[in-house]
Each structure stands twice: as structure tokens, then as C-alpha cells.
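# Chains, contacts and geometry: an overview
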Amino acid sequence: MSSTIPVVSAEGVTRRYGEGDTAVDALRGVSLEIESGKLTAVMGPSGSGKSTLMHILAGLDKPTSGTVTIAGEEITNMNDNELTALRRKHIGFVFQFYNLLPMLNAEENVKLPLSVAGEKADAGWFNELMAKVGLNGRLSHRPSELSGGQQQRVAVARSLVHRPTVVFADEPTGNLDSKSSGELLVLLRRSVDEFGQTVIMVTHDPTAASYADRLLVLADGKIVHDGEANTAEDVLDLMKAVG
């Protein structure tokens, strides 16, 4: 284990749905530490527990047993108000279907996490972020006036605007064509390399996983691989062996 405090950690996390004979164990004792300034991909066959793990790490669901910490804060026993405050400060989200508010323009959607928290965007940081994500010239457009790739870039900018401790990306390329997917993955990679952002990305796409520094593979609720992501072909071979 490293001497530095991990950005996100889980210790002995289990998640059981239901009771008795019909109980389903989505996670079976998962322990991990996520380093700062790295892009970690999480993969696994359908039903492996990867989405459940992300929801628990992000404080959207509670484990049946075990503990989760974010930025050194143990979140497992926090109440809803405490979790909301933690997410506003420490967490950014990117979803498969963008989750933009249709009545707001791109700039308003990007600034939404700050608006909700009663804060204003730092102009220099905001302008730098807009340039990096390629949204200059589109800020007054509403989501319906943007392509899927542009909407997802708005979503990525929204996740980064408050400089969170960690960004959780749930199948961020799942609704995009190959060109837009490539652009989005470059953007996530740059957020790590240039901004020092920590990103945890759940994906089923070997190409997306190949952009990561680290690849975690889950099967039957356990981590069965933890190592470098390497090439898309390597990831595909690994997934064939697992699934």
C-alpha cells in the first residue's frame, strides 16, 4: 500500500440484494485503493458488480458491509445531507445519457454544480476548461441544439468545473459514435494528464479501457484482475478469458 492517502478506498465491501434463497450478492468483499491523478477503468461481464461498485464508491448506494472513504472521509455511515455535501465538494459525474437539463444552455449546464452550491465559477478556470473541451462558440446552445458528442463534452465540463476530488464516469462512450467516443476519451485522458484529475470509468469498451492507467476487472462480485490496461486487443483478450 502507498504511504499517501488514497483518493478513494474500499475495504471489504459487500452488497447483497434481497434475503434468503432469493438473495443476490452483487459484491463479495471488494477492497481497493484509487491513486490521485490516475484514470482507472472498471470492466466486467454483465452482472459482475461493476455498476454496483461505482454507485457505492460514489455514495449513491450503501454497502451491506465494509467501508468506503473519499478524500480521507469515511462515507459509509453518512446521512443523506452529509452525502449530498460530500458529493458537491468531492465528486463529479459523467453519465451515459448526459443528464443535461434541457431548459438550460451549455454554459448554465456546465456551471450547475456551482450554482447549486451557491458558488461562482472562477473566470480563468472556466475559460480554460471551455477551451480544453472545445465548447467555445456553443455555450449559448441548449442540449437539443448540440450533437451527442457535444452534449457529452458539456457533461464532462460540468463534472470538472468545481475541481472535484474524483470524477465517476459511467459508460461515458456508451451512447456515442466511434469518432465522438475517441474525442471524449482523449478529453478524459487530458483531464488526468493536464489537470491532475482522478477519474474512475466504468465501461464495456476495450478501446475506452485502453486509455486508462489501470484496469480493474470484476466477475461475480470480486476483483479478478488489477493491472495496467495496455492495448484494446490486450483488454479484449483479458475479457474473453474472464467472461
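The written sequence of each chain sets the order in which its residues are numbered from 1. Two thresholds apply to this predicted model, a pLDDT of at least 70 for residue-level local features and 80 or more for giving and counting side-chain atom pairs, whereas whole-chain, interface and lining totals are computed over all residues. Side-chain descriptors were evaluated using all non-hydrogen atoms of the structure, hydrogens and water having been removed beforehand.

Before going further, it helps to examine the pattern of salt bridges. Just to be clear on terms, a salt bridge is a Lys or Arg side-chain nitrogen sitting within 4 Å of an Asp or Glu carboxyl oxygen. What the rule picks out here adds up to 10 salt bridges. Residues aspartate 193 and arginine 189 are paired through a salt bridge, measuring 2.8 Å at the closest nitrogen-oxygen approach. Residue aspartate 193 and its partner arginine 189 are both found in helix H7 (residues 178-195); the two are separated by 4 residues, about one turn of the helix. Each residue is assigned to one of three classes by its accessible area relative to the maximum for its type, calculated with a 1.4 Å probe on protein chains only: buried under 20%, partly exposed between the two thresholds, exposed over 50%. The exposure class of arginine 189 is buried, given its relative accessible area of 15%. In this structure, the salt-bridge partner of aspartate 226 is arginine 214, at a minimum N-O distance of 2.9 Å. Placement of aspartate 226 in strand S10 (residues 222-227) and of arginine 214 in strand S9 (residues 214-219) is noted, with a sequence separation of 12 residues between them. Secondary structure elements follow DSSP: runs of H or I of four or more residues count as helices, runs of E of two or more count as strands, with numbering from the N terminus.

Every axis in this analysis is a line fitted to C-alpha atoms, fitted for helices over the stretch in contact. Angles between the N-to-C directions lie between 0 and 180 degrees. For the pair helix H5 (residues 123-133) and H7, the least separation of the axes is 11 Å and the interaxial angle reads 140°. Comparing their axes, H7 and H5 come out oblique. For the crossing formed where H5 meets H7, the hand is right-handed. For the pair H5 and H7, the contacting residues are Trp125, Glu128, Leu129, Lys132 and Val133 in the first and Leu187, Arg190, Glu194 and Phe195 in the second. Looking at the contact of H5 with H7 residue by residue, the classes come out as 5 nonpolar, no polar and 4 charged. These descriptions rest on fixed angle ranges, namely under 35 degrees for roughly parallel, over 145 for roughly antiparallel, 65 to 115 for roughly perpendicular, and the rest for oblique. The crossing is said to be left-handed when, going from far helix to near helix, the turn is anticlockwise and less than a right angle, and right-handed when the turn is clockwise. Contacts were defined at the residue level, with two residues in contact if any of their heavy atoms lie within 4.5 Å. Charged residues are taken to be Asp, Glu, Lys and Arg, nonpolar residues to be Ala, Val, Leu, Ile, Met, Phe, Trp, Tyr, Cys and Pro, and polar residues to be all remaining types, Gly included.

Burial analysis of helix H1 (residues 50-57) places 6 of its 8 residues in the buried class, the great majority of the element. Within H1, the full set of buried residues consists of Lys50, Thr52, Leu53, Met54, Ile56 and Leu57.

Here the focus is the pairing of strand S8 (residues 199-202). Burial along S8 is two-sided: Val199 and Met201 facing one way and Ile200 and Val202 facing the other are all buried. Where strand S3 (residues 39-43) and S8 come together, 4 bridges link them in parallel fashion. Across the sheet, threonine 40 pairs through a bridge with isoleucine 200, a residue of S8. In this analysis, strands are considered paired if DSSP registers two or more bridges between them. Summarising the sheet, strand S7 (residues 166-170) and S8 pair through 4 bridges and their orientation is parallel. When the bridges of S8 are listed, phenylalanine 168 appears paired with isoleucine 200. Think of it like this: strands point away, you trace from the first strand over the helix to the second, and a clockwise trace means the crossover is right-handed. Chirality of the crossover, the property in question, places the unit of S7, H7 and S8 among those that are right-handed.

Before going further, it helps to examine unusual backbone geometry. With a phi angle near 50°, alanine 71 is a residue other than glycine that sits in the positive phi range. By the element assignment, alanine 71 lies in the loop between strand S4 (65-70) and strand S5 (73-74). The phi dihedral of arginine 163 falls on the positive side, at around 50°, and the residue is not glycine. Its location among the elements puts arginine 163 in the loop between helix H6 (148-160) and S7.

Another point: the environment of glycine 37. You can see glycine 37 is positioned in the loop between strand S2 (24-34) and S3. Taking relative accessible area as the criterion, glycine 37 reaches 24% and is therefore assigned partly exposed. For the pair formed by glycine 37 and valine 7, sequence separation is 30 residues and the distance between their alpha carbons is 9.0 Å. Each residue touching glycine 37, except ones within four places of it in the same chain, is listed here: Val192, Gly196, Gln197 and Thr198.

What follows covers the packing of H6 against H7. At their nearest, the axes of H6 and H7 sit 10 Å apart, and the two run at 15° to each other. Judged by the inter-axis angle, H6 sits roughly parallel to H7. The handedness of the crossing between H6 and H7 comes out as right-handed. Where H6 approaches H7, its residues Gly149, Gln152, Arg153, Val156 and Leu160 are matched on the opposing element by Ser180, Glu183, Leu184, Leu187, Leu188 and Ser191. Among the residues forming the contact of H6 with H7, the class breakdown is 5 nonpolar, 4 polar and 2 charged.

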